[in-house]
Amino acid sequence: MDNAFGQPQTIVVLGGTSEIGLAIAHQLLSPVTRHVVLACRDLVKGEQAAASLRGDGFEVSVAHFDGADTASHERVIGEIAERVGDLDVVVLAFGQLGHGEATGQDVAEAAALAHVNFTGAVSASVAVANRLRAQGHGTLVVLSSVAGERVRKANFVYGSTKAGLDGFAQGLGDSLVGTGARVLVVRPGFVHSQMTKGMPAAPFATTPDVVAQLTVKGLRAGRRTVWAPGILRVVFSVLRHLPGPVWRRLPLG
Amino acid sequence: MTRTTLTGWGRTNPSVAELVDVFRAELPDVLKEAGPRGALVRGLGRSYGDAAQNAGGLVLRLMGSATDAVLDRERAQVTVSAGASLDELLRYLVPRGFFVPVTPGTRFVTIGGAIASDIHGKNHHVDGSFGNHVVRMSLQLADGSVAELSRTQDPELFWATIGGMGLTGVVLDATVQLLPVETSRMAVDTYRIADLDRLMAVMDDGEDEAHRYSVAWIDLAAKGAQLGRSVLTRGDHARFDELPAKLQTDPLAYGPSQLVSVPPVIPRPGLLNHATVAAFNELWFRKAPKRKLGGIESISSFFHPLDMVGQWTRFYGRSGLVQYQLMVPFGQEEAMRRIVERVAASGTASFLAVLKRFGAGNEAPLSFPQPGWTLALDMPGGAPGLGSLLHALDEMVLEVGGRNYFAKDAHTSPETIRRGYPRLAEWQAVRRRADPHGVWQSDLGRRLRLAAED
Ligand SMILES: Cc1cc2nc3c(=O)[nH]c(=O)nc-3n(C[C@H](O)[C@H](O)[C@H](O)COP(=O)(O)OP(=O)(O)OC[C@H]3O[C@@H](n4cnc5c(N)ncnc54)[C@H](O)[C@@H]3O)c2cc1C
Ligand SMILES: NC(=O)c1ccc[n+]([C@@H]2O[C@H](COP(=O)([O-])OP(=O)(O)OC[C@H]3O[C@@H](n4cnc5c(N)ncnc54)[C@H](OP(=O)(O)O)[C@@H]3O)[C@@H](O)[C@H]2O)c1
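All values reported here derive from a predicted model rather than from experimental measurement.

1. Considering the overall build of chain B
Here is step 1 of the chain: The helix and strand inventory of chain B stands at 14 helices and 21 strands.
Here is step 2 of the chain: The globule rule puts the C-alpha radius of gyration for 454 residues at 22 Å, and the 21 Å found for chain B is close to it.
Here is step 3 of the chain: Scored against the burial criterion, the 454 residues of chain B give a buried share of 61%.
Here is step 4 of the chain: The contacts in chain B between residues at least 6 apart in sequence include a share of 74% that link residues at least 24 apart.
Here is step 5 of the chain: By element, 55% of the accessible surface of chain B is carried by carbon and sulfur atoms, the whole surface being about 17,300 Å².
Here is step 6 of the chain: In chain B, the 49 positive side-chain charges and the 50 negative ones have mean positions that sit 6 Å from each other.

Structural data, given as structure tokens:
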């Protein structure tokens, strides 16, 4: 159970090696934390991440989770809840960026990316939401992206999965009103992480820590969406309405 | 049955449960509906945190009122449904010349809630807590049967239910020892005291024992030399001959009323900030007489001043309020001083801080009061750094053998409770016998792992 300050006792990160996901978990640690579960596909990497998080008074564990294996999601999440009790905050952090326009021309790669980023995220979210609804409390944090706010040609497969996921997560959040469960949709801009390593930074680039701080602030304030950094909400309210020809020529990578 | 969002009085830890109004005869059937998230009885929701919530499970409101109360004048005892409120009971008892043995700072609590939290009042130093005055009770058990409990009939379960936070079953009715009174008025002595050290010295001077009721209000916005400046009140039920002539015509008249309600417009957080609270406290302190003896007050203005403003927690805005109540044993006055200093230095606006001396504790393993000092603080839930402040206070309290109060808790950890309540395991064993399948569950119980034997 969260306490009065929105300090959770159990934190689960789906995509448990994600830099942003880990930063959020780190930011949520408090004297009432009991369990952090890093659910990831690479257990060795997961153990390394767990070591970076460990501290006094709580347990960090690693569970196997593959975003693409939708048939396993309900079971994996059930097993985690069985072990650690009520899920207070679940961060859906897994996702792949793909290889830009090349992915958009490769049938198999495009389908695989869409499968993980959208279908897998939908499946895992539904499994989590069912748990939270039954327990009468808890929050699912969904890492969307500004890339879904208006999809760019440079990474349109990725962007479209985020657009779909964002819409799904908002709808899921609306459907959960009155159940005690909540969804927080987080829309980061360019974040310096493994995902963007070696890529030129976009305007308003930020760090996993800043995204985490804004996410936790949004969680405690009971918000439904968080932009990271906050200025991107304003920026995208303009970009969203640019005429197509102007949008296509913008130097956004 | 309806899925309802429930919070405590502080409005800080919401969760959703199936809320059901039940008559006692329906309980066995309703309990069959309890799923894996179990069931819990809720009183009037005056506990501040998540004690009266059960996320994802059943929450039962026990129907019952004081109209079926049976008064035994000879023994000065009343038998009353546990769903009745102290408000109703006082309206019934006071005109008949009796008073409840213990009243908290609000009369809008149920008898069941008073037993489950083993509540204390301004008379703890003399009379102990509510459980001390419970003669017998009947308890709805998880398996559908009803147990009759007293100091001689299953005393373990009797004491485990007192202070047991609803986790042993539903108290259905109870027989409570009363206090005969000659009038419905209080004779009150008021003292303004310059600082904390002097306050604790005065409260400890033996004079407290000469009065049934004693409590001090501390201005936590004052710092430095004024740290802990306070107003001490001591009172007793006024005798008939102490009343002015015009009150003697109807000495037991009792009709508390609610004056105003705070409108449901949620104010912006920040309305209650350090500056406004400091200004309010300054006024309150100045308004108190330096020393006034034998002032005559009504029961409601002496015991339940907050009840005059309905829904006053709305002043605290969206993020609600957090109450923190701690106790430290006698001999730890220095620790109490450090705690007060720490709160004052934090600049967290604390509107109300109340200091009181506890007398002897009772046999209930989870009863909060122990001989010593207790401090209760009201703070806006959204105050920056409040979480860290309270975790730090927990540590200061535990270090000197103190503990905090379940009925107020909304923040602490299972470890803190295990250190503060060394008899938890003993209580768990009794609870397991009464409820082997763990039907009775609450958010507080889950958060603090009260039933988890580790
Ligand atoms: C303004 C204010 C002042 C207060 N002052 C004091 C004070 O001076 N001293 C003090 O001790 N407390 C004080 N309190 C706290 C209050 O007295 C307790 O929280 C009390 O338990 C509330 O009773 P309730 O009926 O509202 O119970 P709820 O808050 O609804 O429930 C509290 C607990 O009681 C259990 N419970 C309720 N009914 C039953 C039943 N029939 N059988 C078994 N369990 C039951 C619930 O499961 C829950 O665990 C104050 C609260 C407020 C709001
Ligand atoms: N970085 C940015 O600029 C940015 C901007 C906006 C939104 N986001 C979103 O934020 C989230 C976290 O990204 P990040 O920046 O933290 O990058 P990251 O460190 O690369 O995290 C992405 C995570 O997804 C995991 N993953 C990928 N496919 C998976 C699968 N099939 N099953 C399980 N896990 C899988 C990865 O696991 P492995 O370690 O095993 O590869 C990795 O842990 C992503 O959803 C991303 O789209 C990122």
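2. Side note on the overall build of chain A
Here is step 1 of the chain: The secondary structure content of chain A amounts to eight helices and seven strands.
Here is step 2 of the chain: The C-alpha atoms of chain A give 17 Å as radius of gyration, which agrees with the globular expectation for 253 residues (18 Å, within 12%).
Here is step 3 of the chain: C-alpha atoms of chain A, sized along the principal axes, occupy 55 × 35 × 35 Å.
Here is step 4 of the chain: For chain A, the residues scored as buried account for 53% of the 253 residues in total.
Here is step 5 of the chain: Of the roughly 10,800 Å² of accessible surface on chain A, 56% is carried by carbon and sulfur atoms.
Here is step 6 of the chain: A distance of 10 Å separates the average location of the 23 positive side-chain charges in chain A from that of its 20 negative side-chain charges.

3. Here's the deal with the sheet that holds strand E1 (residues 2-6) of chain B
Across a sheet, paired strands are connected by hydrogen bonds in the backbone, their directions being either parallel or antiparallel.
Residue and element names in this part refer to chain B.
Here is step 1 of the chain: Across the sheet, four strands lie side by side as E1-E2-E4-E3; this open sheet has mixed pairing. Sheet topology places E1 and strand E3 (39-42) at the edges, where each strand pairs with a single neighbour. The average angle at which neighbouring strand axes cross in this sheet is 45°, direction not considered.

4. Examining the packing of helix H1 (residues 19-28) of chain A against helix H6 (residues 208-220) of chain A
All names here are of chain A.
Here is step 1 of the chain: Where H1 contacts H6, the two axes come as close as 8 Å, and the packing angle between them is 50°. The angle between the axes of H1 and H6 places the two elements in the oblique class. In the crossing of H1 with H6, the sense of the turn from one axis to the other is right-handed. Along the contact surface, H1 presents Glu 19, Ile 20, Ala 23, Ile 24, Gln 27 and Leu 28, while H6 presents Pro 208, Asp 209, Val 211, Ala 212, Gln 213, Thr 215, Val 216, Leu 219 and Arg 220.
Here is step 2 of the chain: Residues belonging to the contact of H1 with H6 are distributed by class as follows: nine nonpolar, three polar and three charged.

5. Overview of the nonpolar core
Residue and element names in this part refer to chain B.
Here is step 1 of the chain: With 84 residues, the main nonpolar core has Leu 60, Leu 89 and Phe 99 as its most contacted residues.
Here is step 2 of the chain: Not counting residues within four places of it along the chain, the set of residues in contact with Leu 89 comprises Ala 66, Ala 69, Val 78, Val 80, Val 100 and Ile 111.
Here is step 3 of the chain: Of all hydrophobic cores here, the second largest spans 38 residues; its members include Ile 193, Leu 227, Val 328 and Met 379.

6. Here we look at the pattern of salt bridges
All names here are of chain B.
Here is step 1 of the chain: With the rule as written, the count across this model stands at 40 salt bridges over all chains.
Here is step 2 of the chain: Put simply, Arg 91 and Asp 87 hold a salt bridge, and the shortest N to O gap is 3.3 Å. Here Arg 91 and its partner Asp 87 are both found in helix H2 (residues 86-93), four residues apart, which amounts to about one turn of the helix.
Here is step 3 of the chain: Judged by its relative accessible area of 38%, Arg 91 falls in the partly exposed class.
Here is step 4 of the chain: Taking the relative accessible area as the measure of exposure, Asp 87 reaches 10% and is therefore buried.

7. Thoughts on the packing of aromatic side chains
When we look at a pair of aromatic rings, we describe it by the centre distance and by the angle of the planes.
Residue and element names in this part refer to chain B.
Here is step 1 of the chain: Summed over the entire model, instances satisfying the criterion amount to 11 aromatic pairs over all chains.
Here is step 2 of the chain: When the ring of Phe 358 is compared with that of Phe 368, the centres are 5.6 Å apart and the planes differ by 85°; the resulting orientation is edge-to-face. Of this pair, Phe 358 sits in strand E19 (residues 353-358) while Phe 368 sits in the loop between E19 and strand E20 (372-380), and the two are 10 residues apart along the sequence.
Here is step 3 of the chain: Take Phe 358: its relative accessible area is 1%, and that puts it in the buried class.
Here is step 4 of the chain: Judged by centre distance (4.7 Å) and plane angle (10°), the rings of Phe 368 and Tyr 405 are stacked. With Phe 368 in the loop between E19 and E20 and Tyr 405 in the loop between strand E21 (403-404) and helix H12 (414-420), this residue pair connects regions lying 37 residues apart in the sequence.
Here is step 5 of the chain: According to the relative accessible area criterion, Tyr 405 is buried, its value standing at 4%.
Here is step 6 of the chain: An aromatic cluster is built from Phe 99, Tyr 213, Phe 302 and Phe 303, whose rings are joined through pairwise contacts.
Here is step 7 of the chain: Between Arg 192 and the ring centre of Phe 285, over which it is positioned, the NZ or CZ distance is 5.4 Å.

8. Section: the site of ligand 2
Residues and elements named next belong to chain A.
Here is step 1 of the chain: Near ligand 2 there are 29 residues, and of these Thr 17, Lys 45, Tyr 158, Ser 193 and Gln 194 occur at the shortest range.
Here is step 2 of the chain: Within the contact set of ligand 2, an oxygen atom lies 3.1 Å away from a backbone nitrogen or oxygen of Gly 95.
Here is step 3 of the chain: Between an oxygen atom of ligand 2 and a side-chain N or O atom of Gln 194, the distance comes to 2.7 Å.
Here is step 4 of the chain: At the level of elements, H1 and helix H5 (156-175) are the ones that each hand at least two residues to the shell around ligand 2.
Here is step 5 of the chain: Tallied by class, the residues present in the shell around ligand 2 amount to 12 nonpolar, 12 polar and five charged.

9. Regarding the site of ligand 1
Residue and element names in this part refer to chain B.
Here is step 1 of the chain: Near ligand 1, the surroundings consist of 34 residues, among which Val 41, Ser 47, Thr 110, His 120 and Tyr 405 are the closest.
Here is step 2 of the chain: Within the backbone of Gly 43, one N or O atom sits 2.7 Å away from an oxygen atom of ligand 1.
Here is step 3 of the chain: Contact with the protein chains removes 95% of the 960 Å² of surface that ligand 1 exposes when unbound.
Here is step 4 of the chain: Sorting the residues of the shell around ligand 1 by element identifies E3, helix H3 (111-116) and strand E10 (170-177) as the ones contributing at least two each.
Here is step 5 of the chain: In terms of residue class, the shell around ligand 1 is built from 19 nonpolar, 12 polar and three charged.

10. Let's talk about the side chain of Arg 229 of chain B
Residues and elements named next belong to chain B.
Here is step 1 of the chain: Secondary-structure assignment places Arg 229 in the loop between strand E13 (213-218) and strand E14 (230-237).
Here is step 2 of the chain: Note on Arg 229: relative accessible area 3%, which makes it buried.
Here is step 3 of the chain: Polar contacts involving the side chain of Arg 229 include one to the side chain of Asp 219, which spans 2.8 Å.
Here is step 4 of the chain: Apart from the residues within four sequence positions on either side, Arg 229 is in contact with Ile 193, Ala 194, Asp 195, Trp 217, Ile 218, Asp 219, Ala 222, Glu 282, Phe 285 and Arg 286.

Rules of the game
- Residues numbered from 1 in each chain as written.
- Chains lettered and ligands numbered in written order.
- Predicted model: local features only at pLDDT ≥ 70, side-chain atom pairs only at ≥ 80, totals over all residues.
- Heavy atoms only, no water.
- Helix = DSSP H or I, 4+ residues; strand = E, 2+ residues; numbered from the N terminus.
- Rg over C-alpha atoms; globule rule 2.2 N^0.38 Å.
- Buried < 20%, exposed > 50% of the residue type's maximum accessible area, 1.4 Å probe, protein only.
- Contact = heavy atoms within 4.5 Å.
- Areas by Shrake-Rupley, 256 points an atom, 1.4 Å probe, with all protein chains shown as cover.
- Lys, Arg positive; Asp, Glu negative; His and termini not counted.
- Charge placed at Lys NZ, Arg CZ, Asp CG, Glu CD.
- Pairing = 2+ DSSP bridges.
- Axes fitted to C-alpha atoms, helices over the stretch in contact; angles between N-to-C directions.
- Parallel < 35°, antiparallel > 145°, perpendicular 65-115°, else oblique.
- Left-handed = near helix turned anticlockwise from the far one by under 90°.
- Nonpolar A, V, L, I, M, F, W, Y, C, P; charged D, E, K, R; others polar.
- Core = buried A, V, L, I, M, F, W, Y, C linked by side-chain atoms within 4.5 Å.
- Salt bridge = Lys/Arg side-chain N within 4 Å of Asp/Glu carboxyl O.
- Phe/Tyr/Trp six-rings, centres within 6.5 Å; stacked < 30°, edge-to-face > 60°.
- Lys NZ or Arg CZ within 6 Å of the ring centre and 35° of its normal.
- Near = heavy atom within 4 Å.
- Polar contact = N/O pair within 3.5 Å; in protein donor to acceptor, adjacent residues only side chain to side chain.

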